[in-house]
Amino acid sequence: MKMRVLVTGGAGFLGSHLCDALLGEGHSVVAADNLLTGRARNVHHLRNESRFEFRQVDVTEPFDVGKVDYVFNFASPASPVDYMVHGIPTLKVGSVGTFNALEVARRHGAKFFMASTSECYGDPLEHPQKESYWGNVNPIGPRSVYDEAKRFSEAATMAYRRYFKVDVRIVRIFNTYGPRMQLNDGRVVPNFMKQALRGEGLTVYGDGSQTRSFCYVSDEIDGIMRLAHSSEQEPVNIGNPNEFTILDCAKQVLAVTGSKSRITFEPLPQDDPKQRRPDITRARTLLGWEPKIYLQAGLKLSLDYFREALAEDQH
Ligand code: NAD
Ligand code: UDP
């Protein structure tokens, strides 16, 4: 069945790839974005696509885009640098923005898909993280503007399911990277790529022993689409269970870029999670999903994009 779909945050890194995937299945897509951390450029290639529409909308104000069958709620800064600069807008988009997006779904009898995050687990005491883990989040720390907003988003999503019978999905996305990430968004992969390609030192925070599990964007979008098509109403982790220390990640970037950059060490930001790895048993069993692209391969696939972004940045 062909649907009319709303993607909030549709001009962002993941939102724009999601628009491509939905259009690829034959649906019509409205991307609503205020361009706070995204770029119109991410959807520029869709400008002549008759089934695609971009609307510059701040979802923290009540909004409507007409009848839709599915709402994908992806609006929110996602990089720690971005969400710490835009702390209040991040809290607002995860609370008021999610309410407004849920209202659109309720009004039109549409399904609702919430882009949540591994950050709901905070600095996790359980490892790897299963969906049943309630997390270890500092509610007043610098990351709380994001973590608590996302936890609130999950609560609001489940409440709309309970009270209004909205048909909902919740994905907990673990560190995803690839083309269309902003070169200067401060996340580790764009930072290391930019530094390696410029021959600057790779800035490892702390001693680099903290871990992350990196998922290439095409795998993440595949998992998201499978969850969207499933009937699973409770949160599902979508991420790559291959865990790397940040120091390893820096070495992989050096290997892939062939850069002679040195590794430098800088202070670890407050509340930076020490470890993160998804347990993807639910995604495997419910969705038949698992990632296919390992870090080194994904970094190679991203290299041309980062080279081009860097060349543009220098102009
Ligand atoms: P991004 O910053 O590239 O995209 C977010 C988009 O939301 C941007 O285009 C931004 O302009 C838009 N936006 C922000 N506030 C808005 C508002 N008030 N109204 C309308 N649009 C607004 O980040 P991303 O990596 O693409 O993340 C997309 C979603 O996925 C976010 O909700 C994020 O929390 C979630 N997520 C991403 C990751 C990851 O590793 N990339 C991990 C966990 C969760
Ligand atoms: N990090 C780093 N150097 C950088 C950017 C990030 O060492 O230039 C570390 C950061 O401290 C964290 C990890 O890399 O431990 C992942 O950071 P990112 O901002 O990509 O996402 P997070 O998982 O913290 O939300």
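None of these values were measured; they are calculated from a predicted model.

*Asks:* In this structure, what is going on with the overall build of the protein? I would like to understand it.
*Replies:* Counting its regular elements, the protein contains nine helices and 13 strands. For 315 residues, the compact-globule estimate of 2.2 N^0.38 gives 20 Å, and the protein sits close to it at 19 Å. Expressed as lengths along the three principal axes of its C-alpha atoms, the size of the protein is roughly 55 × 45 × 40 Å. When each of the 315 residues of the protein is scored for burial, the buried share is 56%. Look at the contacts in the protein between residues 6 or more apart in sequence, and 81% of them connect residues 24 or more apart.

*Asks:* Would you explain the site of ligand 2 in this entry?
*Replies:* As a matter of local geometry, ligand 2 sits amid 18 residues, with Thr203, Tyr205, Arg212, Asp272 and Arg276 nearest to it. Separating an oxygen atom of ligand 2 from a side-chain N or O atom of Asn175 is a distance of 2.8 Å. Between ligand 2 and the protein, one listed contact pairs an oxygen atom with a side-chain N or O atom of Asn191 at 2.8 Å. Here ligand 2, which alone exposes 510 Å², has 95% of that area covered by the protein. Of all elements in the fold, only helix H5 (188–198) and strand E8 (202–205) reach the threshold of two or more residues within the shell around ligand 2.

*Asks:* Which parts of the structure should I look at to understand the side chain of His108?
*Replies:* Turning to its location among the elements, His108 is positioned in helix H3 (residues 87–108). Other than its neighbours up to four places away in sequence, His108 contacts Asp64, Gly66, Lys67 and Val68.

*Asks:* Help me out: how do you make sense of the sheet that holds strand E6 (residues 168–173) in this one?
*Replies:* The pairing of strands in a sheet comes from backbone hydrogen bonds and takes either a parallel or an antiparallel form. If you trace the seven strands from one edge of the open sheet to the other, you get E3-E2-E1-E4-E5-E6-E11, paired in parallel fashion. With one partner strand each, in any of the chains shown, strand E3 (52–56) and strand E11 (236–238) form the two edges of the open sheet. Taking each pair of neighbouring strands and ignoring which way they run, the sheet shows an average axis angle of 20°. Pairing of strand E2 (residues 28–33) with E3 involves five bridges; the strand directions are parallel. Within E3, the residue paired with Val30 across the bridge is Glu53. Against the sheet, helix H4 (residues 144–164) contacts strand E5 (111–117) and E6, and its axis sits at roughly 155° relative to E5. The sheet contacts of helix H6 (residues 217–229) involve strand E4 (70–73), E5, E6 and E11, and relative to E6 the element is tilted by about 160°.

*Asks:* Can you help me understand the state of the cysteines in this one?
*Replies:* By definition, a disulfide links two cysteine residues through a covalent bond between their sulfur atoms. Overall, the coordinates contain zero disulfides when judged by the stated rule. The thiol sulfur of Cys120 is not disulfide-bonded, and the nearest other cysteine sulfur, from Cys215, lies at 17 Å. Cys120 gets classed as buried once you look at its relative accessible area, which sits at 4%. No disulfide involves Cys249; its sulfur sits 14 Å from the nearest other cysteine sulfur, which is in Cys215. Here Cys249 falls in the buried class, since its relative accessible area comes to 0%.

*Asks:* Any chance you could explain the nonpolar core here in plain terms?
*Replies:* The tendency in soluble globular proteins is for nonpolar side chains to be buried side by side. By size, the foremost hydrophobic cluster in this structure holds 60 residues, and its most contacted members are Leu18, Phe72, Phe74 and Phe113. A per-element tally of this core places helix H9 (residues 295–314) first, with seven residues. Counting 24 residues, the second largest nonpolar core, distinct from the first, contains Leu6, Val57, Val65 and Val166.

*Asks:* Got a minute to help me understand the packing of H5 against helix H7 (residues 246–257) in this structure?
*Replies:* For any two helices packed against each other, the geometry comes down to the angle between their axes and how far apart the axes lie. Where H5 contacts H7, the two axes come as close as 10 Å, and the packing angle between them is 45°. Of the possible angle classes, the one that applies to H5 and H7 is oblique. In this structure, the crossing between H5 and H7 has a hand that is right-handed. Mapping the contact onto sequence places Val188, Phe192, Met193, Ala196 and Leu197 in H5 and Ile246, Cys249, Ala250, Val253, Leu254 and Thr257 in H7. Of the residues contributing to the contact of H5 with H7, the split by class is 10 nonpolar, one polar and no charged.

*Asks:* Which parts of the structure should I look at to understand unusual backbone geometry?
*Replies:* For residues besides glycine, phi is generally negative; the peptide bonds are generally trans as well. A cis amide bond links His127 to the next residue, Pro128, at an omega of -10°. The residue Pro128 is located in the loop between E5 and H4 in this model. Of note in this structure, Arg180 is not a glycine but carries a positive phi near 85°. Mapped onto the elements, Arg180 comes out in the loop between strand E7 (176–177) and H5. Residue classification places Arg180 among the buried positions, given a relative accessible area of 16%.

Cut-offs and rules
- Residues numbered from 1 in each chain as written.
- Chains lettered and ligands numbered in written order.
- Predicted model: local features only at pLDDT ≥ 70, side-chain atom pairs only at ≥ 80, totals over all residues.
- Heavy atoms only, no water.
- Helix = DSSP H or I, 4+ residues; strand = E, 2+ residues; numbered from the N terminus.
- Rg over C-alpha atoms; globule rule 2.2 N^0.38 Å.
- Buried < 20%, exposed > 50% of the residue type's maximum accessible area, 1.4 Å probe, protein only.
- Contact = heavy atoms within 4.5 Å.
- Near = heavy atom within 4 Å.
- Polar contact = N/O pair within 3.5 Å; in protein donor to acceptor, adjacent residues only side chain to side chain.
- Areas by Shrake-Rupley, 256 points an atom, 1.4 Å probe, with all protein chains shown as cover.
- Pairing = 2+ DSSP bridges.
- Axes fitted to C-alpha atoms, helices over the stretch in contact; angles between N-to-C directions.
- Disulfide = S-S within 2.5 Å.
- Core = buried A, V, L, I, M, F, W, Y, C linked by side-chain atoms within 4.5 Å.
- Parallel < 35°, antiparallel > 145°, perpendicular 65-115°, else oblique.
- Left-handed = near helix turned anticlockwise from the far one by under 90°.
- Nonpolar A, V, L, I, M, F, W, Y, C, P; charged D, E, K, R; others polar.

These values are about where atoms sit, not about what they do.
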